[in-house]
Number of protein chains: 2
Amino acid sequence: MGSAFLLTQLGTHAAQAFARRIGELDLTPPQTGLLRAIAGAPGSSQQALAELLGTPATRLVALVDGLEQRGLVERRRNPNDRRLHAVHLTDAGTALMADIGRVARAHDDAVLAALDPDERTRLRELLGKVAADQGLTPGVHPGYKTLR
Amino acid sequence: MGSAFLLTQLGTHAAQAFARRIGELDLTPPQTGLLRAIAGAPGSSQQALAELLGTPATRLVALVDGLEQRGLVERRRNPNDRRLHAVHLTDAGTALMADIGRVARAHDDAVLAALDPDERTRLRELLGKVAADQGLTPGVHPGYKTLR
DNA sequence: TATTGTTATACTCTATAACTATA
DNA sequence: TATAGTTATAGAGTATAACAATA
């Protein structure tokens, strides 16, 4: 079995483990990714977020709906162009980002438990090299994108 | 962003790329994994295959149906216990395994294009260490398993 | 007429539960 | 009564297309 298979195998495993962990905050991985995107570019339009994540705008509506109902994000109308909805984190959303960060660090540590600090650094370098070569957007999970 | 995120990011990317490639053989990744499992343990019952892959037996029925209709596998009744269906590759199925191997090698090479042979070896060692520690079954994709 | 966001609809994949046949 | 396999049904997640508001 090739290394790329090991990569998908471990990637799926890590994704499943993260889904379980983040579920304790009542979040799904797509919701978490969207929160991260909003935190990184506050006030973006839904179109811009859809573009960044590589997903249909229609999917964003439902995702934003869910987060808005829980008071984690809010849509603000732009007075200059009333078609746009600028999406922002609320205070509760900002506070939740800290929890997400903690969960992510714990997840990272659990997945890489078998490696010592030097090995982790080496792994990070190798994966970073591959990710850059493959054209992956830093911080954006490719699970939003439709394959074709 | 932690290394585990890089891992899920790259794992998903590699899985998507593999799905595209293997689609050229008119196969889905789950079908490919099942073919591999059957090749590795010919004559297994569907229950045994379901157990190995970590998936409900009901899901196997549909998967085997699809492969059987294409003449890639066949169900053989066991005369001693007529409840069991031993699943085998046909000649066409065996031939297809060679094509799958070629696709997998090409995929591997494309994903790891950024790394030289030494780096690939090093990556393989590190990933193998993590996979063993995380209790992953060699050759079995965790995508079959239900998360809870 | 073009663009942002929304709603309605359909499709794919998978799981749960009920059913058939063999033991 | 228990087990292997199957069929029927329902649910989650996502995409496609039609629609409303604004420019």
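Keep in mind it's a predicted model, so treat the numbers as computed, not measured.

Description of the overall build of chain A
Inference 1: Looking only at helices and strands, one finds six helices and two strands in chain A.
Inference 2: Considering only C-alpha atoms, chain A reaches an extent of 55 × 35 × 20 Å along its principal axes.
Inference 3: A separation threshold of at least 6 residues defines the contact pool for chain A, and within that pool the share at least 24 residues apart is 56%.
Inference 4: Of the roughly 7,400 Å² that chain A leaves accessible, carbon and sulfur atoms contribute 52%.

Things to note about unusual backbone geometry
All names here are of chain A.
Inference 1: The phi dihedral of Asp26 is positive, around 60 degrees, even though this residue is not glycine.
Inference 2: With respect to the helices, strands and loops of the structure, Asp26 is situated in the loop between helix 1 (3-23) and helix 2 (29-40).
Inference 3: On the basis of relative accessible area, Asp26 is assigned to the exposed category, the value being 58%.

Looking at the interface of chain B and chain A
Inference 1: Taken together, the contact between chain B and chain A spans 51 residues of the former and 50 residues of the latter.
Inference 2: When chain B packs against chain A, close to 5,000 Å² is buried across both sides, 68% of that on carbon and sulfur atoms.
Inference 3: Sorting the residues of chain B by area buried against chain A places B:Leu7, B:Gln9 and B:Leu10 first, and these three jointly supply 12% of that buried surface.
Inference 4: Applying the counting rule to chain B against chain A returns two salt bridges.
Inference 5: B:Glu119 is the partner of A:Lys129 in a salt bridge, and the nearest nitrogen-oxygen pair spans 2.6 Å.

What about the relation of the copies chain B and chain A?
Inference 1: For these two chains of identical sequence, chain B goes onto chain A by a turn of 180 degrees and a shift of 0.0 Å along the axis, with RMSD 0.0 Å. The transformation relating the two chain copies, once decomposed into turn and shift, fits a two-fold axis. Taking the C-alpha atom as reference, chain B places B:Gly11 closest to the rotation axis, 2.0 Å from it.
Inference 2: Of all interface residues in chain B, 98% are interface residues in chain A too; the two copies therefore contact each other through one and the same surface.

Brief notes about the pattern of salt bridges
Residues and elements named next belong to chain A.
Inference 1: In the structure shown here, the tally under the stated rule is 16 salt bridges over all chains.
Inference 2: The partner of Asp99 in a salt bridge is Arg102, with the nearest N and O atoms 2.5 Å apart. You can see Asp99 and its partner Arg102 sitting in helix 5 (residues 91-111), three residues apart, about one turn around the helix.
Inference 3: Since its relative accessible area comes to 27%, Asp99 is described here as partly exposed.
Inference 4: Within the structure, one salt-bridge network assembled from shared partners comprises Asp65, Glu68 and Arg75.

Examining the nonpolar core
Inference 1: Of all hydrophobic cores here, the largest spans 28 residues; its most connected members are A:Leu123, A:Leu127, B:Leu123 and B:Leu127.
Inference 2: Of all elements in the fold, only helix 1 and helix 6 (117-133) of chain A together with helix 1 (3-23) and helix 6 (117-133) of chain B reach the threshold of two or more residues within this core.
Inference 3: Apart from the residues lying within four places of it in its own chain, the contact partners of B:Leu123 are A:Leu123, A:Leu126, A:Leu127, B:Leu112 and B:Leu115.

Looking at the UniProt feature "domain: HTH marR-type" (unreviewed entry) in chain A
Inference 1: Look at the UniProt record and you will see "domain: HTH marR-type" (unreviewed entry) annotated at residues 1-132 of chain A.
Inference 2: Across residues 1-132 of chain A, helical content stands at 69% and strand content at 8%; the span's end C-alpha atoms are separated by 24 Å.

Description of helix 2 of chain A
For an α-helix the count is 3.6 residues per turn, leaving residues at separations of three or four pointing the same way.
Residues and elements named next belong to chain A.
Inference 1: In a regular helix each residue adds 1.5 Å, so 12 residues correspond to 16 Å; helix 2 covers 16 Å between its end C-alpha atoms and thus fits that length.
Inference 2: Along helix 2, the residues that are buried comprise Gln31, Thr32, Gly33, Leu34, Leu35, Ala37 and Ile38.
Inference 3: Residues of helix 2 that are buried in the fold lie against helix 1, helix 3 (46-53), helix 4 (57-69), strand 1 (73-77), strand 2 (85-89) and helix 5.

A word on helix 4 (residues 57-69) of chain B
Residues and elements named next belong to chain B.
Inference 1: Along its 13 residues, helix 4 runs 18 Å from first to last C-alpha, staying within 8% of the 18 Å computed at 1.5 Å per residue.
Inference 2: Inspection of helix 4 places Leu60, Leu63, Val64 and Leu67 among the buried residues, and these make up the whole buried set. All buried residues of helix 4 project into a common sector of 100 degrees when viewed along the axis, lining one side. Exposed and facing more than 90 degrees away from the buried side of helix 4 are Thr58, Ala62 and Gln69.
Inference 3: In the stretch just after helix 4, Gly71 is the one whose phi turns positive, near 75 degrees.

Details of the side chain of B:Thr90
Residues and elements named next belong to chain B.
Inference 1: With respect to the element layout, Thr90 can be found in the loop between strand 2 (85-89) and helix 5 (91-111).
Inference 2: Within the structure, Thr90 has its side chain in polar contact with the backbone nitrogen of Gly93 (distance 3.1 Å).
Inference 3: Other than its neighbours up to four places away in sequence, Thr90 contacts Gly71, Leu72, Val73 and Glu74.

Quick notes on the pairing of strand 2 of chain B
All names here are of chain B.
Inference 1: Most of strand 2 sits out of view: four of its five residues are buried.
Inference 2: The pairing of strand 1 (residues 73-77) with strand 2 spans five bridges and is classified as antiparallel. Considered in strand 2, the bridge of Val73 is made with Leu89.

Rules of the game
Residues numbered from 1 in each chain as written. Chains lettered and ligands numbered in written order. Predicted model: local features only at pLDDT ≥ 70, side-chain atom pairs only at ≥ 80, totals over all residues. Heavy atoms only, no water. Helix = DSSP H or I, 4+ residues; strand = E, 2+ residues; numbered from the N terminus. Contact = heavy atoms within 4.5 Å. Areas by Shrake-Rupley, 256 points an atom, 1.4 Å probe, with all protein chains shown as cover. Buried < 20%, exposed > 50% of the residue type's maximum accessible area, 1.4 Å probe, protein only. Buried area = accessible area lost by both parts, 1.4 Å probe. Salt bridge = Lys/Arg side-chain N within 4 Å of Asp/Glu carboxyl O. Least-squares fit on C-alpha atoms with pLDDT ≥ 70 in both. Core = buried A, V, L, I, M, F, W, Y, C linked by side-chain atoms within 4.5 Å. UniProt positions renumbered as here; feature names shortened; annotations may be inferred. Expected span 1.5 Å × (residues − 1). Arc of directions from axis to C-beta. Polar contact = N/O pair within 3.5 Å; in protein donor to acceptor, adjacent residues only side chain to side chain. Pairing = 2+ DSSP bridges.

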